[in-house]
Amino acid sequence: MNDTICFDKPVYVLAPLAGFTDLPFRSVVKKFGADLTVSEMLSSNALAHGSEKTLHMLQKSPLENPYSVQIAGADVDIVRTAVELLNEQDGIDVIDLNCGCPVPKVVGHGSGSSLLLDLSLMGEIIKTIKDTSNKKLTSVKIRLGFEEKNHIDIAKMVEDSGADFLAVHGRTRAGKFKAAVDYDAIKEIKEAVSIPVIANGDIDSYEKAKWVLEHTGADGVMIGRGAVGAPWIFHQLRSGEAHVDQQLKHEIIMEHFDKMIDFYGTHGVSMFRKHTHTYSKGYRGASALRNQVNSIDDIAQYRSIIDEFFKNGEMTL
């Protein structure tokens, strides 16, 4: 896949995940099998006001083709200004509107899943993005509803407003991240609209991803938390092999660490601790490793310890 998305076969997408799906992580999953990577969610307000921090988050790896930038916003004029700014940035293939984030801070501003309460405004914002953007595609990430499900109405609004595809998180806003994911509802959306549908929510293993694709008939899967600590899930899906060789896991983990250092410098060491904790789950001696790295700030020393651990580590299972 080059800089366009082909829906002739299942598309594997890395979901935006605040604090995790930064450039180093995205470049790793892209190299090892993801078809599409998405930026962390960006505030259209911050973009429109030229926030340096937000502009820095637009950076992408050369590997990230195609690349999607996700924005959140509830004001048509501000969203238009944000899109005009994105128009000046090369290397973006998709602008995605977040209509699913359940976080109170986002919902309180009328953004994210709050838009599910006002479908006419949501439709107007989607049309504004579509009409203003010079990028190839416009997409939307939704939930099944705010308090109650009205997923078919939402999906049809997304389609009628001109979106090229949509991603569906199979919970309502009220369901946050705890309620059971309603894969039947995703299937109903797929049957109700003619644009491609990406299934999202609790896809935490190769087997689950295959089942979701089959059960929903979706055109792809979007994986977020299921890829943290296991970015090789995209390699599994691309290769069709459930087993991941220990050597490949070691290679991916070290690549991730090196990318973190390239991007963040010495600060990358402390930032990688949370990843070390998730990568080491199930390994013999994992708790000792976590205790050890928590007090190390030297790049070479940290790298040497995790290199040795993951090269020779044994699973407890």
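Asker: Can you walk me through the overall build of the protein chain in this structure?
Answerer: Of the regular secondary structure elements, the protein chain holds 14 helices and 9 strands. Taken against the 2.2 N^0.38 rule, which gives 20 Å for 317 residues, the C-alpha radius of gyration of the protein chain at 20 Å falls within 12% of a compact globule. If one aligns the C-alpha atoms of the protein chain with their principal axes, the spans along those axes are about 55 × 45 × 35 Å. Taken across its 317 residues, the protein chain has 55% of its residues classed as buried. Long-range pairs, those at least 24 residues apart, make up 70% of the contacts in the protein chain with a sequence separation of at least 6. Just so you have it, the protein chain exposes about 13600 Å², and 48% of that area is on carbon and sulfur atoms. Both charge centroids of the protein chain, one from 35 positive and one from 43 negative side chains, sit 4 Å from each other.

Asker: I would appreciate a short explanation of the nonpolar core in the present structure.
Answerer: One broad rule of soluble globular proteins: the nonpolar side chains tend to lie buried together. In this structure, Ile71, Met122, Ile142, Val158 and Leu166 are the most contacted members of the largest nonpolar core, which totals 82 residues. Among the elements that make up this core, the one with the highest residue count is helix α11 (residues 246-264) (7 residues). Those residues within four positions of Ile71 in sequence are excluded, and the remaining contacts are Leu42, Leu47, Val79, Val83, Leu86, Ile95, Asp96, Leu97, Asn98 and Ile129. The next biggest cluster of nonpolar side chains, apart from the first, holds 11 residues, and it includes Val11, Val13, Val38 and Ala167.

Asker: Before we go on, may I ask you to explain the side chain of Thr276 in this structure?
Answerer: Turning to its location among the elements, Thr276 is positioned in helix α12 (residues 267-279). Taking the relative accessible area as the measure of exposure, Thr276 reaches 0% and is therefore buried. Beyond its immediate sequence surroundings of up to four residues, Thr276 is in contact with Leu289, Val293, Tyr302, Ile306 and Phe310.

Asker: Hey, could you run me through the layout of surface pockets in this one?
Answerer: Which parts of space are left empty comes out when a probe the size of a water molecule is rolled across the atoms. Each pocket or cavity is described by its volume, and for the second largest pocket that value is around 210 Å³. Tallied by class, residues from the lining of the second largest pocket come to 6 nonpolar, 2 polar and 2 charged.

Asker: Help me understand the packing of aromatic side chains, please; the structure alone is not making it clear to me.
Answerer: Any pair of aromatic rings gets described here by the distance separating the centres and the angle formed by the planes. For the structure on display, the rule yields 11 aromatic pairs. Judged by centre distance (6.4 Å) and plane angle (80°), the rings of Phe272 and Tyr302 are edge-to-face. Of the two residues, Phe272 sits in helix α12 while Tyr302 sits in helix α14 (residues 299-312), which places them 30 residues apart along the sequence. Taking relative accessible area as the criterion, Phe272 reaches 0% and is therefore assigned buried. Residue classification places Tyr302 among the buried positions, given a relative accessible area of 0%. With a centroid separation of 5.6 Å and 50° between ring planes, the pair formed by Tyr283 and Phe309 is classed as tilted. One end of the pair, Tyr283, is in the loop between α12 and α13 (286-293); the other, Phe309, is in helix α14, and 26 residues separate them in sequence. Side by side, Tyr283 and Phe309 carry an identical accessibility label, which is buried.

Rules of the game
- Residues numbered from 1 in each chain as written.
- Predicted model: local features only at pLDDT ≥ 70, side-chain atom pairs only at ≥ 80, totals over all residues.
- Heavy atoms only, no water.
- Helix = DSSP H or I, 4+ residues; strand = E, 2+ residues; numbered from the N terminus.
- Rg over C-alpha atoms; globule rule 2.2 N^0.38 Å.
- Buried < 20%, exposed > 50% of the residue type's maximum accessible area, 1.4 Å probe, protein only.
- Contact = heavy atoms within 4.5 Å.
- Areas by Shrake-Rupley, 256 points an atom, 1.4 Å probe, with all protein chains shown as cover.
- Lys, Arg positive; Asp, Glu negative; His and termini not counted.
- Charge placed at Lys NZ, Arg CZ, Asp CG, Glu CD.
- Core = buried A, V, L, I, M, F, W, Y, C linked by side-chain atoms within 4.5 Å.
- 1 Å grid on protein atoms, 1.4 Å probe; cavity = no way out; pocket = protein on both sides within 12 Å on 5 of 7 lines; lining within 4 Å.
- Points joined across faces, edges and corners; volume = space filled by probe spheres on them.
- Nonpolar A, V, L, I, M, F, W, Y, C, P; charged D, E, K, R; others polar.
- Phe/Tyr/Trp six-rings, centres within 6.5 Å; stacked < 30°, edge-to-face > 60°.

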